[in-house]
Amino acid sequence: MRADGIDYAPANTALAQGAAQAAGLADRAAFITGDAEHLPYDDGIFDAVVSECALCTFPDKPRAAAEVARVLKPGGRLGITDVTADTGHLPPELRGLTARIACIAHAHPLDDYAKLLTAAGLTILTTERHDEAMSRMIDQIQARLDLLRITAPTRLADAGVDLTAAPAVLDAARAAVTEGVLGYALLTAVKSSP
(Lines give C-alpha, C1' and ligand atoms only; values in the text may rest on other atoms or scores of the structure.)
Protein backbone atom coordinates (compact mmCIF):
# COMPACT_ATOMS: atom_id res chain seq x y z
CA MET A 1 0.00 0.00 0.00
CA ARG A 2 1.21 3.49 -0.85
CA ALA A 3 0.12 6.93 0.30
CA ASP A 4 0.55 10.16 -1.65
CA GLY A 5 0.29 13.53 0.06
CA ILE A 6 -0.16 16.91 -1.54
CA ASP A 7 0.17 20.35 -0.02
CA TYR A 8 0.24 23.84 -1.50
CA ALA A 9 3.27 24.89 0.59
CA PRO A 10 6.70 23.54 -0.40
CA ALA A 11 7.86 23.76 3.23
CA ASN A 12 5.05 21.44 4.32
CA THR A 13 5.79 18.84 1.66
CA ALA A 14 9.50 18.92 2.50
CA LEU A 15 8.70 18.48 6.20
CA ALA A 16 6.34 15.57 5.47
CA GLN A 17 8.84 13.87 3.16
CA GLY A 18 11.53 14.21 5.82
CA ALA A 19 9.22 12.71 8.44
CA ALA A 20 8.43 9.77 6.13
CA GLN A 21 12.14 9.16 5.59
CA ALA A 22 12.87 9.37 9.31
CA ALA A 23 10.10 6.84 9.99
CA GLY A 24 11.44 4.48 7.32
CA LEU A 25 8.37 4.97 5.14
CA ALA A 26 9.88 6.82 2.18
CA ASP A 27 9.19 3.83 -0.09
CA ARG A 28 5.49 3.83 0.91
CA ALA A 29 4.72 7.56 1.15
CA ALA A 30 5.42 10.43 -1.22
CA PHE A 31 4.63 14.10 -0.78
CA ILE A 32 4.44 16.70 -3.51
CA THR A 33 3.69 20.38 -3.75
CA GLY A 34 0.51 20.97 -5.69
CA ASP A 35 -2.91 22.54 -5.91
CA ALA A 36 -6.07 20.70 -4.82
CA GLU A 37 -7.98 22.49 -7.56
CA HIS A 38 -5.67 20.94 -10.20
CA LEU A 39 -4.55 17.57 -8.85
CA PRO A 40 -1.55 16.18 -10.76
CA TYR A 41 -2.96 12.64 -10.98
CA ASP A 42 -4.76 10.52 -13.55
CA ASP A 43 -8.48 9.79 -13.27
CA GLY A 44 -9.68 7.07 -10.94
CA ILE A 45 -6.40 5.99 -9.33
CA PHE A 46 -7.03 6.36 -5.59
CA ASP A 47 -8.93 4.03 -3.27
CA ALA A 48 -9.31 6.79 -0.71
CA VAL A 49 -8.70 10.50 -0.23
CA VAL A 50 -8.36 12.20 3.14
CA SER A 51 -8.57 15.95 3.59
CA GLU A 52 -7.65 17.27 7.02
CA CYS A 53 -8.73 20.85 7.72
CA ALA A 54 -8.00 22.00 4.17
CA LEU A 55 -11.24 22.35 2.19
CA CYS A 56 -12.10 25.52 4.13
CA THR A 57 -8.96 27.16 2.70
CA PHE A 58 -9.55 26.39 -1.00
CA PRO A 59 -10.71 29.41 -3.00
CA ASP A 60 -12.66 27.28 -5.52
CA LYS A 61 -14.23 24.58 -3.37
CA PRO A 62 -16.45 23.13 -6.15
CA ARG A 63 -13.39 22.68 -8.36
CA ALA A 64 -11.45 20.98 -5.54
CA ALA A 65 -14.39 18.65 -4.82
CA ALA A 66 -14.64 17.78 -8.52
CA GLU A 67 -10.90 17.02 -8.59
CA VAL A 68 -11.22 14.66 -5.62
CA ALA A 69 -14.12 12.88 -7.30
CA ARG A 70 -12.08 12.64 -10.51
CA VAL A 71 -9.07 10.94 -8.92
CA LEU A 72 -11.14 8.47 -6.85
CA LYS A 73 -11.82 4.99 -8.21
CA PRO A 74 -15.47 3.94 -8.39
CA GLY A 75 -16.29 2.86 -4.85
CA GLY A 76 -13.42 5.00 -3.55
CA ARG A 77 -13.96 6.77 -0.27
CA LEU A 78 -13.43 10.34 0.86
CA GLY A 79 -12.97 11.46 4.45
CA ILE A 80 -12.93 15.14 5.36
CA THR A 81 -12.50 16.86 8.68
CA ASP A 82 -12.78 20.61 8.59
CA VAL A 83 -13.74 23.85 10.24
CA THR A 84 -17.41 24.72 9.87
CA ALA A 85 -18.73 28.25 10.17
CA ASP A 86 -21.80 30.31 9.55
CA THR A 87 -19.67 33.27 8.49
CA GLY A 88 -22.65 35.62 8.33
CA HIS A 89 -23.11 35.25 12.07
CA LEU A 90 -19.51 35.36 13.27
CA PRO A 91 -18.76 37.98 15.93
CA PRO A 92 -16.60 40.94 14.85
CA GLU A 93 -13.56 39.51 16.69
CA LEU A 94 -13.59 36.54 14.30
CA ARG A 95 -13.72 38.46 11.03
CA GLY A 96 -10.98 39.97 8.89
CA LEU A 97 -7.38 38.88 9.34
CA THR A 98 -8.18 36.80 12.41
CA ALA A 99 -10.67 34.77 10.37
CA ARG A 100 -8.11 34.15 7.64
CA ILE A 101 -5.41 33.05 10.09
CA ALA A 102 -7.83 30.72 11.89
CA CYS A 103 -9.21 29.16 8.66
CA ILE A 104 -12.65 30.57 9.44
CA ALA A 105 -12.96 33.17 6.66
CA HIS A 106 -13.91 30.72 3.91
CA ALA A 107 -15.37 27.90 5.99
CA HIS A 108 -18.95 26.79 5.35
CA PRO A 109 -21.71 25.18 7.38
CA LEU A 110 -21.66 21.37 7.45
CA ASP A 111 -24.71 21.07 5.17
CA ASP A 112 -23.03 23.26 2.55
CA TYR A 113 -19.99 20.96 2.49
CA ALA A 114 -22.28 17.96 2.00
CA LYS A 115 -24.07 19.70 -0.90
CA LEU A 116 -20.72 20.59 -2.43
CA LEU A 117 -19.56 16.97 -2.40
CA THR A 118 -22.89 15.72 -3.72
CA ALA A 119 -22.69 18.21 -6.60
CA ALA A 120 -19.26 16.77 -7.42
CA GLY A 121 -20.80 13.33 -7.87
CA LEU A 122 -20.08 11.83 -4.47
CA THR A 123 -22.60 10.12 -2.21
CA ILE A 124 -22.52 11.27 1.40
CA LEU A 125 -22.19 8.42 3.88
CA THR A 126 -21.91 10.31 7.17
CA THR A 127 -21.80 13.82 8.54
CA GLU A 128 -20.83 14.33 12.15
CA ARG A 129 -20.32 17.44 14.19
CA HIS A 130 -17.29 17.38 16.44
CA ASP A 131 -17.43 20.89 17.86
CA GLU A 132 -15.65 19.70 21.02
CA ALA A 133 -12.54 19.39 18.82
CA MET A 134 -12.81 23.09 18.02
CA SER A 135 -13.16 23.86 21.73
CA ARG A 136 -10.01 21.81 22.43
CA MET A 137 -8.14 23.71 19.70
CA ILE A 138 -9.15 27.02 21.27
CA ASP A 139 -7.94 25.77 24.66
CA GLN A 140 -4.62 24.68 23.11
CA ILE A 141 -4.16 28.11 21.54
CA GLN A 142 -4.88 29.70 24.92
CA ALA A 143 -2.31 27.47 26.61
CA ARG A 144 0.35 28.26 24.00
CA LEU A 145 -0.25 31.99 24.29
CA ASP A 146 -0.08 31.76 28.08
CA LEU A 147 3.21 29.89 27.80
CA LEU A 148 4.62 32.54 25.46
CA ARG A 149 3.59 35.30 27.88
CA ILE A 150 5.48 33.53 30.66
CA THR A 151 8.56 32.27 28.82
CA ALA A 152 9.19 34.85 26.10
CA PRO A 153 7.75 38.26 27.01
CA THR A 154 10.88 40.10 25.89
CA ARG A 155 11.05 38.26 22.58
CA LEU A 156 7.38 38.98 21.94
CA ALA A 157 7.87 42.68 22.72
CA ASP A 158 11.01 42.84 20.54
CA ALA A 159 9.06 41.28 17.67
CA GLY A 160 6.22 43.77 18.14
CA VAL A 161 3.73 41.08 19.12
CA ASP A 162 0.95 42.33 21.36
CA LEU A 163 -1.16 39.55 22.83
CA THR A 164 -3.62 41.83 24.63
CA ALA A 165 -6.35 41.23 22.00
CA ALA A 166 -6.06 37.42 22.24
CA PRO A 167 -8.41 36.88 25.23
CA ALA A 168 -11.29 38.69 23.52
CA VAL A 169 -10.76 36.70 20.31
CA LEU A 170 -10.59 33.40 22.16
CA ASP A 171 -13.69 34.25 24.22
CA ALA A 172 -15.55 35.15 21.01
CA ALA A 173 -14.47 31.85 19.44
CA ARG A 174 -15.67 29.88 22.48
CA ALA A 175 -19.03 31.69 22.37
CA ALA A 176 -19.35 31.02 18.62
CA VAL A 177 -18.79 27.31 19.23
CA THR A 178 -21.38 27.28 22.02
CA GLU A 179 -23.88 29.02 19.72
CA GLY A 180 -23.23 26.59 16.85
CA VAL A 181 -21.80 29.31 14.59
CA LEU A 182 -18.29 27.82 14.61
CA GLY A 183 -17.38 24.17 14.78
CA TYR A 184 -15.56 21.18 13.40
CA ALA A 185 -17.00 18.29 11.43
CA LEU A 186 -16.35 14.97 9.76
CA LEU A 187 -17.84 14.00 6.41
CA THR A 188 -17.42 10.72 4.61
CA ALA A 189 -18.46 10.05 1.04
CA VAL A 190 -18.10 7.43 -1.67
CA LYS A 191 -17.76 7.66 -5.44
CA SER A 192 -20.52 5.68 -7.06
CA SER A 193 -19.74 3.09 -9.68
CA PRO A 194 -20.33 4.30 -13.25
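Going by the structure above, here's the rest.
Parameters at a glance
Residues numbered from 1 in each chain as written. Predicted model: local features only at pLDDT ≥ 70, side-chain atom pairs only at ≥ 80, totals over all residues. Heavy atoms only, no water. Helix = DSSP H or I, 4+ residues; strand = E, 2+ residues; numbered from the N terminus. Buried < 20%, exposed > 50% of the residue type's maximum accessible area, 1.4 Å probe, protein only. 1 Å grid on protein atoms, 1.4 Å probe; cavity = no way out; pocket = protein on both sides within 12 Å on 5 of 7 lines; lining within 4 Å. Points joined across faces, edges and corners; volume = space filled by probe spheres on them. Nonpolar A, V, L, I, M, F, W, Y, C, P; charged D, E, K, R; others polar.

Draft legend 1. Spatial organisation of the side chain of T13. Among the structural elements, T13 can be located in helix α1 (residues 10–22). Residue classification places T13 among the buried residues on the basis of a relative accessible area of 8%.

Draft legend 2. Just the layout of surface pockets, in detail. By volume, the largest pocket is sized at about 1100 Å³. Lining the largest pocket are 39 residues; nearest its centre among them are D4, G5, I6, V49 and V50. At the level of elements, β1 (3–7), α1, β2 (29–33), β3 (46–52), α2 (61–71) and β4 (72–85) are the ones that each hand at least two residues to the lining of the largest pocket. Among the elements that take part in the lining of the largest pocket, β3 stands out by supplying seven residues, more than any other. Here the lining of the largest pocket is built from residues that sort into 26 nonpolar, six polar and seven charged. Here the second largest pocket is characterised by a volume of approximately 600 Å³. Around the second largest pocket sit 22 residues that line it, and T98, I101, A102, I141 and V169 are the ones nearest its centre. When residues of the lining of the second largest pocket are traced back to their parent elements, those giving at least two are α3 (97–101), α5 (131–151) and α7 (166–178). Sort the elements by how many residues they give to the lining of the second largest pocket and α5 lands first, with five residues.

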